[in-house]
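Take a look at the letters that make up each chain.
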Amino acid sequence: MSKRETLNLISVEDLLNRNDEVVRKIREINDQYYREQARQKKAIIVTYGCQMNEHDSEKLDAMLQEMGYLTVKKLDQADLIIFNTCCVRENAELKVYGNLGRIKHLKTKNKDLVLAVCGCMMQQPHIVEEIKKKYKFVDLVFGTHNLHNFPTLLEETLSGGRQVVEVWDSEGDVIEGLKANRKMDVKAFVNIMYGCDNFCAYCIVPYTRGRERSREASDIIEEIEMLVSRGVREITLLGQNVNSYGKTLSEPIDFADLLKMVNEIKGVERIRFMTSHPKDISDKLLVTMAACEHVCEYLHLPVQAGSNKILKAMNRHYTREQYLATVKRAKELMPGLSISTDIIVGFPGESKEDFEETLSLMREVGYDSAFTFIYSKRTGTPAAELENQVSEEEKHRRMTELLEMFNPMVKEKIKSYQDQILEVLVESTSKSSDSVLMGRSRQHVTVNFEGDKDLIGKLVKVKATEPKSFSIFGEITEVEQDI
Ligand code: SF4
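If you're wondering where the values come from, they're calculated on a predicted model, not measured in any experiment. (Residues numbered from 1 in each chain as written. Predicted model: local features only at pLDDT ≥ 70, side-chain atom pairs only at ≥ 80, totals over all residues.)

## Some details on the overall build of the protein chain
Piece 1. Along the backbone of the protein chain there are 15 helices and 19 strands.
Piece 2. Taking 483 residues into account, the globule formula puts the C-alpha radius of gyration at 23 Å, and the protein chain, at 23 Å, falls close to it.
Piece 3. In terms of overall dimensions, the protein chain has a C-alpha envelope of 60 × 60 × 45 Å along the principal axes. (Helix = DSSP H or I, 4+ residues; strand = E, 2+ residues; numbered from the N terminus. Rg over C-alpha atoms; globule rule 2.2 N^0.38 Å.)

Pasting the structure below:
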């Protein structure tokens, strides 16, 4: 019987109760340590990858805080280091291995240092084997499906003096009630579903995050109401494919219905969502987006490639023509809509002509931004087995060509905002100066301007006076009470 099967015999409630007891126990130990040593135990989470991982780290951070840990920013100050890993790209995995090697020496400096590795990478058995064999100094390994069980695993690690490895191979129930320490007071990520059923040929996510499971709408609404009561004003609804929200629920509800419900929550000023699979985006959703005043004029719609041959090989289930028709309809319904995408360059079998089709599609859509990736083999995915792999040199050449074409396009887009008045939600001071504030427009463009820190969390209107390459500098024209 696997660990997961054993735990299936325990109800989620019992599991969480057990974790609560462990949290109290570790808290007592840490409080005792503080009294004796006059220093609090410190922890750091290093997060790799997407918003899902960032949000998982926020949940881990909340657990750490409850257990009496102080979160710090430097690895060498920590008594507990957690790497929350990503496996979507090979580079991210190599970075984790490299960084593990780099921090090994910290264990000799601090013999009590606990090193934990979790996240998507750990859902792959060959990676866990590698960690067990070559990274014996790692104390704790766990996966995405048992993140909620972290306190219990930590206790086992602290008391055992041996490497603890527990990775569940199946997803199990959606766990409600986990707190999260959101990084920002103004914006928050809210999971609406977990996992993915799409099996795009290049993607490891369905194997690491499991099958699609939607959260009950009432739980989502309750969480958003709680966030709003704490001052959050912008909500990003998260899922690997939000457009298939509701399919696993008994109540008849889809993503457009959920969007409408969120739009009606008092205090929610802005709503964004990601990611939207083009094959599942419905006309109902586009019409709903246009009708809901709090839904921002921003759509992330990953196309991945511009040629029908490659889209088919990727198992994406839409054609270039269908994608372009969706974009046209969205722009008709929402003038000024900003569209971003994901692009993979050098998928196996991608000819020069296929690549040219990606470039022409990007020009035709006129994207506002794009996340561009060089294809990398992911063990266990169908694309990794394909023989007609594109050489590394050619992939890099194509990426350079793509960026040379696309970056000036983005610059032009940003330039087109010159002298426009943008509604900006103020998020923080800028990295460069405390007197310069940073926020985003409804179209998700970064806007900087001079202003007082008191404006953080407010909606302001800013005139775009100096569009830069990827952001805008402007001047405040109105603050919230006047808007
Ligand atoms: S939709 Fe495709 S690319 Fe996105 S998570 Fe699912 S399998 Fe991966």
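## Points about the pairing of strand β19 (residues 471-479)
Piece 1. Here strand β17 (residues 446-450) pairs with β19 via four bridges, running parallel. Bridging across to β19, Thr446 finds its partner in Ser471.
Piece 2. Note: strand β18 (residues 459-467) against β19, seven bridges, orientation antiparallel. Residue pairing in the sheet places Val460 in a bridge with Val479 of β19.
Piece 3. Adjacent in sequence and paired antiparallel, β18 and β19 are bridged by three residues. (Pairing = 2+ DSSP bridges.)

## Some remarks on the site of the ligand
Piece 1. In the neighbourhood of the ligand, the contacting residues comprise Cys196, Asn198, Phe199, Cys200, Cys203, Val205, Pro206, Gln240, Asn241 and His277.
Piece 2. Among the residues forming the shell around the ligand, the class breakdown is six nonpolar, four polar and no charged. (Near = placed C-beta within 6 Å. Nonpolar A, V, L, I, M, F, W, Y, C, P; charged D, E, K, R; others polar.)

## A look at the domain arrangement of the protein chain
Piece 1. Along its sequence, the protein chain is organised into domain 1 (3-166), domain 2 (187-415) and domain 3 (421-482).
Piece 2. On a C-alpha basis, the centres of domain 1 and domain 2 stand 30 Å from each other.
Piece 3. Contacts between domain 1 and domain 2 engage 15 residues on the former and 16 residues on the latter.
Piece 4. Those elements giving two or more residues to the side of domain 1 that touches domain 2 turn out to be α3 (51-66) and α4 (90-103).
Piece 5. In the side of domain 1 that touches domain 2, the residues fall into four nonpolar, eight polar and three charged. (Domains from an automatic or database assignment. Contact = placed C-beta atoms within 7 Å.)

## Considering helix α7 (residues 150-160)
Piece 1. Burial in α7 covers these residues: Phe150, Pro151, Thr152, Leu153, Leu154 and Thr157.
Piece 2. Residue Gly161 follows α7 closely and has a positive phi angle near 70 degrees. (Buried ≥ 20, exposed ≤ 12 C-beta atoms within 10 Å, placed from the backbone.)

## Section: the sheet that holds strand β11 (residues 270-274)
Piece 1. Overall, parallel pairing links the three strands, which are arranged β7-β10-β11 in an open sheet. One side of each edge strand has no neighbouring strand; the edge strands of this open sheet are β7 (187-191) and β11. The average undirected angle you get between the axes of adjacent strands in this sheet is 25 degrees.
Piece 2. Where helix α9 (residues 217-229) meets the sheet, it contacts β7 and β10 (234-238), and its direction lies at approximately 165 degrees from that of β7. (Axes fitted to C-alpha atoms, helices over the stretch in contact; angles between N-to-C directions.)

## Quick notes on the sheet that holds strand β13 (residues 338-345)
Piece 1. Within the open sheet, the three strands sit side by side as β12-β13-β14. Their pairing is parallel. With partners counted over all chains shown, the strands left at the sheet margins are β12 (298-300) and β14 (369-374), one partner each. Here the average twist between neighbouring strands, direction ignored, is 10 degrees.
Piece 2. Note that β13 and β14 share six bridges and pair parallel. Each bridged residue has a counterpart across the sheet, and for Asp342 the counterpart in β14 is Phe371.

## Thoughts on the confidence of the model for the protein chain
Piece 1. For the protein chain, mean pLDDT is 91; residues scoring 70 or higher make up 94% of the total.
Piece 2. Residue range residues 1-9 is modelled with pLDDT below 50. Its contacts to residues more than four positions away, or to other chains, number nine contacts. (pLDDT = per-residue confidence, 0-100.)

## Let's talk about the nonpolar core
Piece 1. Counting 102 residues, the largest nonpolar core has Val190, Ile192, Ile235 and Phe347 as the members making the most contacts within it.
Piece 2. Two domains each donate at least three residues to this core, and these are domain 1 (3-166) and domain 2 (187-415).
Piece 3. Discounting residues that sit within four places of it in the chain, Ile235 has contacts with Ala188, Val190, Ile224, Leu227, Val262, Val268 and Ile271.
Piece 4. Membership of the second largest hydrophobic core comes to 14 residues, among which are Val426, Val445, Val460 and Ala464. (Core = buried A, V, L, I, M, F, W, Y, C linked by C-beta atoms within 7 Å.)

## Some thoughts on unusual backbone geometry
Piece 1. The peptide bond linking Met274 to Thr275 adopts the cis configuration, its omega dihedral lying at 5 degrees.
Piece 2. The topology assignment puts Thr275 in the loop between β11 and α11 (283-291).
Piece 3. Here the phi dihedral of Asp419 falls at roughly 70 degrees; this positive angle occurs in a residue that is not glycine.
Piece 4. Its location among the elements puts Asp419 in the loop between α15 (392-415) and β15 (421-429).
Piece 5. For His444, which is not a glycine, the phi torsion comes out positive at approximately 75 degrees.
Piece 6. With respect to the element layout, His444 can be found in the loop between β16 (436-441) and β17.

## So, the pairing of β15
Piece 1. In this structure, β15 lies alongside β18, joined through five bridges in antiparallel fashion. Each bridged residue has a counterpart across the sheet, and for Glu423 the counterpart in β18 is Lys461.
Piece 2. Where β15 meets β16, five bridges bridge the pair, whose relative direction is antiparallel. The residue bridging Ser428 from the neighbouring strand is Met438, located in β16.

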